[in-house]
Amino acid sequence: MQVSDRFHLWQGLSRRVQDIASTHRGCLPAALPTVTEDDHQPVAKNTDNAAAGSRAGRHAQSLFEAVQALTRTGRSHSSVARELGLDRRTVRKYARARTWQEVMRRPPRKPSTLDPYLGYLRQRWDEGQHSAKILHEELQAKGYLGHYQRVKMAVAPLRRALPIDEPRERPPSPRETARWITTHPHRRSLHINERLPRLLEHCPELKLTYDLVRRFATMLDNRDAAPLPAWLSDLERSRLAPLVGLARALHEDRYAVAQGITTSYNSGVNEGRITDVKLQKRIMAGRAGVRLLRQRVVLIAHLRRRHADRPTVSPR
């Protein structure tokens with residue numbers, strides 16, 4: 001009897017979800033909280049004006065206009081890339097952007113030890129203290145352990161009448177989005193449960209993917225393969241290439257997949273043995289020969305068997 005392993009079935013589905021999230025990367029910022037126009041409109045305006053006056057900003061604006069003009073005529077990304085002498089991925093990035101500022105947008109920076117003190121820095125700047133050295137000494141008195149140079153870099157935008165470099169939340173990556181969708185709702189954090197509905201409402205393709213994933217999870221939880229044929233048909237009708245390919249692959253082994261859903265057999269023991277061998281080889285940094293590796297693997301198996309055969313004493 002052929003039985004598909006449940007872990008690998010779920011792993012294969014998760015990879016397809018990540019592929020779909022990568023295809024719809026432009027939808028992922030919709031998971032972020034809505035920003036009020038009053039709070040960030042002046043900030044965005046100042047930043048855009050500064051970028052437009054730079055050499056990189058003018059270059060990005062001209063490329064954006066050229067790519068948009070050619071793609072609106074129905075030409076493919078490859079054709080546009082050949083004519084403009086650009087990489088196809090660059091053309092795709094400019095074609096998907098709604099404005100040239102999106103291409104110029106800096107990636108969110110990593111959290112810093114200075115982040116808790118940014119509010120104080122802004123307050124002292126507004127009060128007239130513009131010396132980075134004095135501000136650094138004041139932060140040290142408040143417990144800041146970072147270097148003076150970090151404080152100097154933080155107040156530099158204020159000297160150019162730009163907003164202070166506050167930490168910005170970044171949209172989820174395709175891998176994070178796939179993990180959000182494949183994680184059981186009860187095991188998700190409050191942070192994810194707040195953002196995932198916004199993302200699914202904004203992107204119908206991800207919403208359809210989410211519904212299909214949850215249906216398959218229900219089959220695994222209930223050990224019920226009866227809905228499998230209808231689920232495979234819905235995968236094919238989804239018109240999402242990763243799911244369509246998965247449906248064709250599972251349809252060829254549908255009897256083994258059904259056994260994997262309904263029976264208790266799995267390859268967990270074999271996967272554990274393989275992990276043991278890999279772990280031992282990595283511990284020895286790849287310098288172990290076959291004889292030494294075999295001896296260590298046999299020894300571990302012997303110790304595990306002896307531990308398993310040891311009688312357990314129930315607590316009184």
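1. Considering the packing of helix α4 (residues 77-84) against helix α5 (residues 88-96)
Two elements in contact, α4 and α5, have axes whose closest approach is 8 Å; the angle formed by their N-to-C orientations is 110°. On the basis of the axis angle, α4 is roughly perpendicular to α5. Classified by chirality, the crossing of α5 by α4 is right-handed. Of the residues in α5, those touching α4 at His-77, Ser-78, Val-80 and Ala-81 are Arg-88, Val-91, Arg-92 and Ala-95.

2. Concerning unusual backbone geometry
You will see that Arg-223, though not glycine, has its phi angle at about 50°, which is positive. Mapping Arg-223 onto the fold places it in the loop between α12 (204-222) and α13 (228-237). For Arg-223, a relative accessible area of 37% corresponds to the partly exposed category. Located in the positive-phi region is Arg-239, a residue other than glycine, with phi close to 60°. In this structure, Arg-239 sits in the loop between α13 and α14 (241-252). On the basis of relative accessibility, which here comes to 78%, the residue Arg-239 falls in the exposed class.

3. Describing helix α8 (residues 132-141)
Three or more residues of α8 are buried, namely Ala-132, Leu-135, His-136, Glu-138 and Leu-139. Considered in projection along α8, the buried side chains sweep an arc of 160° and stay on one side of the axis. Exposed and facing more than 90 degrees away from the buried side of α8 are Lys-133 and Ala-141. After α8 finishes, the residue Gly-143 shows a positive phi value of roughly 110°.

4. Concerning the side chain of His-24
Positionally, His-24 belongs in the loop between α1 (6-23) and α2 (37-52). Look past the residues within four positions of His-24 in its chain and what remains in contact with it is Cys-203, Glu-205 and Leu-240.

5. Comments concerning the packing of aromatic side chains
By convention here, two paired aromatic rings are described through the distance between centres and the angle between planes. Applying the stated criterion to the full structure yields 3 aromatic pairs. Seen in terms of ring centroids, Tyr-117 and Tyr-144 are 5.5 Å apart; in terms of plane orientation they differ by 70°. Their pairing is edge-to-face. Of this pair, Tyr-117 sits in the loop between α6 (100-104) and α7 (118-126) while Tyr-144 sits in the loop between α8 and α9 (148-159); the two residues are 27 residues apart in sequence, bridging distant segments of the chain. The class of Tyr-144 is buried, set by a relative accessible area of 3%. Residues Phe-216 and Trp-231 carry aromatic rings whose centres are separated by 4.7 Å and whose planes lie at 25° to one another, so their mutual orientation is stacked. With a gap of 15 residues between them, Phe-216 in helix α12 and Trp-231 in helix α13 connect regions that are remote in the sequence. Owing to a relative accessible area of 1%, Phe-216 belongs among the buried residues under this scheme.

What counts and how
Residues numbered from 1 in each chain as written. Predicted model: local features only at pLDDT ≥ 70, side-chain atom pairs only at ≥ 80, totals over all residues. Heavy atoms only, no water. Axes fitted to C-alpha atoms, helices over the stretch in contact; angles between N-to-C directions. Helix = DSSP H or I, 4+ residues; strand = E, 2+ residues; numbered from the N terminus. Parallel < 35°, antiparallel > 145°, perpendicular 65-115°, else oblique. Left-handed = near helix turned anticlockwise from the far one by under 90°. Contact = heavy atoms within 4.5 Å. Buried < 20%, exposed > 50% of the residue type's maximum accessible area, 1.4 Å probe, protein only. Arc of directions from axis to C-beta. Phe/Tyr/Trp six-rings, centres within 6.5 Å; stacked < 30°, edge-to-face > 60°.

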